[in-house]
Amino acid sequence: MRTDVVVIGGGAIGAAAAYFLRSHRKPCTVAVIERDPTYALASTPRASGGVRRLFSLPENIRLSQYSIPFFERFATEMAVDGESAPIGFKKNGYLFIVPPGSIETLRANVEAQEREGVRVTWLEPREIAAKFPSMRVDDLGAGVQSPEDGWLDPHSVLQGFRRKARSLGAEFIADEVTGIDAERGAVRGVRLKSGRSIATDAVVNAAGAWAKEICAMVGWPVPIEPMRRYEHYFEIEDPIEPLPYIKDVNRLAFRPEGKGYSGGLPDLAEPRGFNFEVDHGYFERVVWPALAHRFSAFERTKLRSTMPGLYDQNELDGNMIIGPWAGRLENFFLLAGFSGHGLMHAPGSGRAIAELILDGGYQTLDLSRFGWQRAADGRPYRERGII
Ligand SMILES: Cc1cc2nc3c(=O)[nH]c(=O)nc-3n(C[C@H](O)[C@H](O)[C@H](O)COP(=O)(O)OP(=O)(O)OC[C@H]3O[C@@H](n4cnc5c(N)ncnc54)[C@H](O)[C@@H]3O)c2cc1C
């Protein structure tokens, strides 16, 4: 078999890449290799679903500025044969809250967001209290609300991209990539567990937390590690006012979900690895005290479930790596390392990789500063904000 582009990994990122490669004005043939079409361990269906413009780097803000309106149109744009693709987008806003010591960073971030045309509202603690009377604000310095952000259902995003990409001619193959053939500075094809081989002109590594293993097949050492993070679902007894997606500087992040709330508190010191065990004491030890400190209503919280999932953590700077292994394998593209904000940036980064491959350069969003060169040079390009 032969195809113009092989995409390795059919999660949100691989499926979005396939969609944009097929919907491009000069489309190419695409095969997406996904070893588990049930996505049992994939990160996408385990994500919290938050989508926000509250970043400090122009690239991340622009990716959100492109992706969030895309999600608003998603149901109709991804419709297949008249059947829409709802993703449960709840535009209930985001709220970042910081202690007095972080006001300057928050202000600099807001300035960066406003330069990019994001509508954000600066809130003093008393204004936060007026909007969200259940919240403790006496130890806060300020907050920033982004009313047009929100959250959506990650699995529906994945399935929507996948179905639409297939309807446009992308082939999804249930198999595992076990080897990559390269010669004279270019990838020539991929080998699959079933024994099949696929000849190709370009490969996109969209294997998420497994991306490093795929890069190792061609000898490319990348700083992307699997990092376990829990998403908890919990309920309280007495209802409080409707909340936006709330995030603080200690990484507490949660939002309303059904009768309760969904969220967590990622630990960056978590040992790296493919660990799907649940530490049943984590919520009570780490998450609950942070919740109860901020909202007395959460003192009596009932934890209903804990779901482990993996970040594709870029150890260099917590941002994606997009683009080819420049100077070595110009047709082997990496699209991973999203470190906890991959779902919200799937549309923008999927489009960007399609442009890189089919137009030979970025057309919509210039993501060159997220390229491999910064890792090769050991020059991190970090978010100043809280992520
Ligand atoms: C608890 C949690 C909460 C999160 N919350 C958010 C959030 O609120 N907002 C946000 O934007 N992001 C969030 N994220 C991050 C987000 O989930 C990821 O950035 C995103 O889903 C990455 O998508 P992906 O397609 O790269 O990875 P995946 O969905 O993991 O897909 C990669 C696929 O590659 C396949 N694969 C691997 N190796 C091979 C191989 N050799 N051959 C064939 N297939 C292979 C795997 O089977 C897998 O299906 C969260 C993540 C977690 C864990």
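What counts, and where the lines are drawn
- Residues numbered from 1 in each chain as written.
- Predicted model: local features only at pLDDT ≥ 70, side-chain atom pairs only at ≥ 80, totals over all residues.
- Heavy atoms only, no water.
- Helix = DSSP H or I, 4+ residues; strand = E, 2+ residues; numbered from the N terminus.
- Polar contact = N/O pair within 3.5 Å; in protein donor to acceptor, adjacent residues only side chain to side chain.
- Near = heavy atom within 4 Å.
- Areas by Shrake-Rupley, 256 points an atom, 1.4 Å probe, with all protein chains shown as cover.
- Buried < 20%, exposed > 50% of the residue type's maximum accessible area, 1.4 Å probe, protein only.
- Pairing = 2+ DSSP bridges.
- Axes fitted to C-alpha atoms, helices over the stretch in contact; angles between N-to-C directions.
- Contact = heavy atoms within 4.5 Å.
- Parallel < 35°, antiparallel > 145°, perpendicular 65-115°, else oblique.
- Left-handed = near helix turned anticlockwise from the far one by under 90°.
- Nonpolar A, V, L, I, M, F, W, Y, C, P; charged D, E, K, R; others polar.
- Phe/Tyr/Trp six-rings, centres within 6.5 Å; stacked < 30°, edge-to-face > 60°.
- Expected span 1.5 Å × (residues − 1).
- Salt bridge = Lys/Arg side-chain N within 4 Å of Asp/Glu carboxyl O.

1. Considerations on the side chain of glutamate 231
Next up, step 1: Turning to its location among the elements, glutamate 231 is positioned in strand 12 (residues 224-236).
Next up, step 2: Separated by 2.9 Å, the side chains of glutamate 231 and serine 48 make a polar contact.
Next up, step 3: A polar contact is formed between the side chain of glutamate 231 and the backbone nitrogen of glycine 263, at a distance of 3.1 Å.

2. Some details on the site of the ligand
Next up, step 1: The full set close to the ligand counts 35 residues, and Glu34, Ser43, Thr44, Gly50 and Met344 are the nearest of them.
Next up, step 2: Within the contact set of the ligand, an oxygen atom lies 3.0 Å away from a backbone nitrogen or oxygen of isoleucine 13.
Next up, step 3: Threonine 44 is positioned such that a nitrogen or oxygen atom in its side chain is 2.6 Å from an oxygen atom of the ligand.
Next up, step 4: Its free accessible area being 1000 Å², the ligand has 98% of it covered by the protein chains.
Next up, step 5: Going through the elements one at a time, helix 1 (12-23), strand 2 (30-34) and strand 16 (301-314) are the ones with two or more residues in the shell around the ligand.

3. Notes on the pairing of strand 15 (residues 260-264)
Side-chain direction in a regular strand flips from residue to residue, so the side chains alternate between the two faces of the sheet.
Next up, step 1: Across the five residues of strand 15, five count as buried, placing the element largely inside the fold.
Next up, step 2: Looking at chain direction, strand 12 and strand 15 are connected through three bridges and run antiparallel. Looking at the pairing, tyrosine 233 lines up with serine 262 of strand 15.
Next up, step 3: Relative to strand 15, strand 14 (residues 253-257) runs antiparallel, the two sharing five bridges. Bridge pairing in strand 15 links phenylalanine 254 to glycine 263.

4. Re the sheet that holds strand 16
Within a sheet, each strand pairs with its neighbour through backbone hydrogen bonds, oriented either parallel or antiparallel.
Next up, step 1: Strand order across the open sheet formed by eight strands is 5-6-4-13-14-15-12-16, with mixed pairing between neighbours. Every other strand in the sheet has two partners, leaving strand 5 (121-123) and strand 16 as the edge strands with one partner each. Here the average twist between neighbouring strands, direction ignored, is 20 degrees.
Next up, step 2: Relative to strand 6 (residues 142-146), helix 3 (residues 103-115) is tilted by about 25 degrees, and along the sheet it contacts strand 4 (94-98), strand 5 and strand 6.
Next up, step 3: Strands in contact with helix 7 (residues 282-294) are strand 4, strand 12, strand 14 and strand 16; relative to strand 12, the strand with the most contacts, it is inclined by about 60 degrees.

5. What about the packing of helix 1 against helix 8 (residues 346-358)?
Between two packed helices, both the angle of their axes relative to each other and the distance between the axes serve to describe the pair.
Next up, step 1: Interhelical geometry of helix 1 versus helix 8 gives an angle of 50 degrees and a closest axis separation of 8 Å. Our classification of the angle between helix 1 and helix 8 gives oblique. Seen from above, helix 1 lies across helix 8 with right-handed handedness. Listed contacts from helix 8 to Ala12, Ile13, Ala16, Ala17, Phe20 and Leu21 of helix 1 are Ala346, Pro347, Ser349, Gly350, Arg351, Ile353, Ala354, Ile357 and Leu358.
Next up, step 2: Here the residues of the contact of helix 1 with helix 8 are counted per class, giving 12 nonpolar, two polar and one charged.

6. Overview of the packing of aromatic side chains
Any pair of aromatic rings gets described here by the distance separating the centres and the angle formed by the planes.
Next up, step 1: Counted by the stated rule, this structure contains 28 aromatic pairs.
Next up, step 2: Ring centres of phenylalanine 70 and phenylalanine 161 lie 5.9 Å apart, and the angle between their planes is 20 degrees; on these two criteria the pair is classed as stacked. With phenylalanine 70 in helix 2 (residues 58-77) and phenylalanine 161 in helix 5 (residues 154-167), this residue pair connects regions lying 91 residues apart in the sequence.
Next up, step 3: A relative accessible area of 2% places phenylalanine 70 in the buried class.
Next up, step 4: Overall, the relative accessible area of 0% leaves phenylalanine 161 in the buried class.
Next up, step 5: Here the aromatic rings of phenylalanine 234 and phenylalanine 298 are separated by 6.0 Å at their centres, their planes lie at 70 degrees, and the arrangement is edge-to-face. Taken as a pair, phenylalanine 234 in strand 12 and phenylalanine 298 in the loop between helix 7 and strand 16 lie far apart in primary sequence, 64 residues in all.

7. Let's talk about helix 5
Next up, step 1: Over its 14 residues, helix 5 extends 20 Å from the first C-alpha to the last, a length consistent with the 20 Å expected when each residue adds 1.5 Å.
Next up, step 2: Taken together, the buried positions of helix 5 are occupied by Pro154, Val157, Leu158, Gly160, Phe161, Arg162, Lys164 and Ala165.
Next up, step 3: Contacts made by the buried residues of helix 5 are with helix 1, helix 2, strand 8 (171-174) and helix 8.
Next up, step 4: Phi for glycine 169, located one or two positions after helix 5, is positive at around 115 degrees.

8. Digging into unusual backbone geometry
Next up, step 1: Even without glycine at this site, tyrosine 39 takes up a positive phi of about 55 degrees.
Next up, step 2: If you trace the backbone, tyrosine 39 turns up in the loop between strand 2 and strand 3 (50-51).
Next up, step 3: Despite not being glycine, serine 339 has its phi angle at roughly 55 degrees, a positive value.
Next up, step 4: Secondary-structure assignment places serine 339 in the loop between strand 18 (329-336) and helix 8.
Next up, step 5: Judged by its relative accessible area of 8%, serine 339 falls in the buried class.

9. What about the packing of helix 2 against helix 5?
Next up, step 1: Across the interface, helix 2 lies against helix 5 with an axial gap of 11 Å and an inter-helix angle of 50 degrees. It follows that helix 2 is oblique to helix 5 by the angle criterion. In this structure, the crossing between helix 2 and helix 5 has a hand that is left-handed. Only Ser156, Val157, Gly160, Phe161 and Lys164 of helix 5 make contact with helix 2, whose side of the interface consists of Phe70, Phe71, Phe74 and Glu77.
Next up, step 2: Partitioned by chemical class, the residues of the contact of helix 2 with helix 5 number five nonpolar, two polar and two charged.

10. Description of the pattern of salt bridges
Next up, step 1: A complete count under the given rule lists 29 salt bridges for this structure.
Next up, step 2: When the shortest N-O distance is used, the salt bridge between arginine 35 and glutamate 176 registers 3.7 Å. Taken together, the positions of arginine 35 in the loop between strand 2 and strand 3 and glutamate 176 in the loop between strand 8 and strand 9 (177-183) put the pair 141 residues apart, joining distant regions of the chain.
Next up, step 3: For glutamate 176, a relative accessible area of 24% corresponds to the partly exposed category.
Next up, step 4: A salt bridge links glutamate 116 to arginine 62, with the nearest nitrogen and oxygen atoms 3.0 Å apart. Pair noted here: glutamate 116 is in the loop between helix 3 and strand 5 and arginine 62 is in helix 2, with a separation of 54 residues, a long-range link.
Next up, step 5: Relative accessible area serves as the criterion here: at 24%, glutamate 116 is assigned to the partly exposed category.

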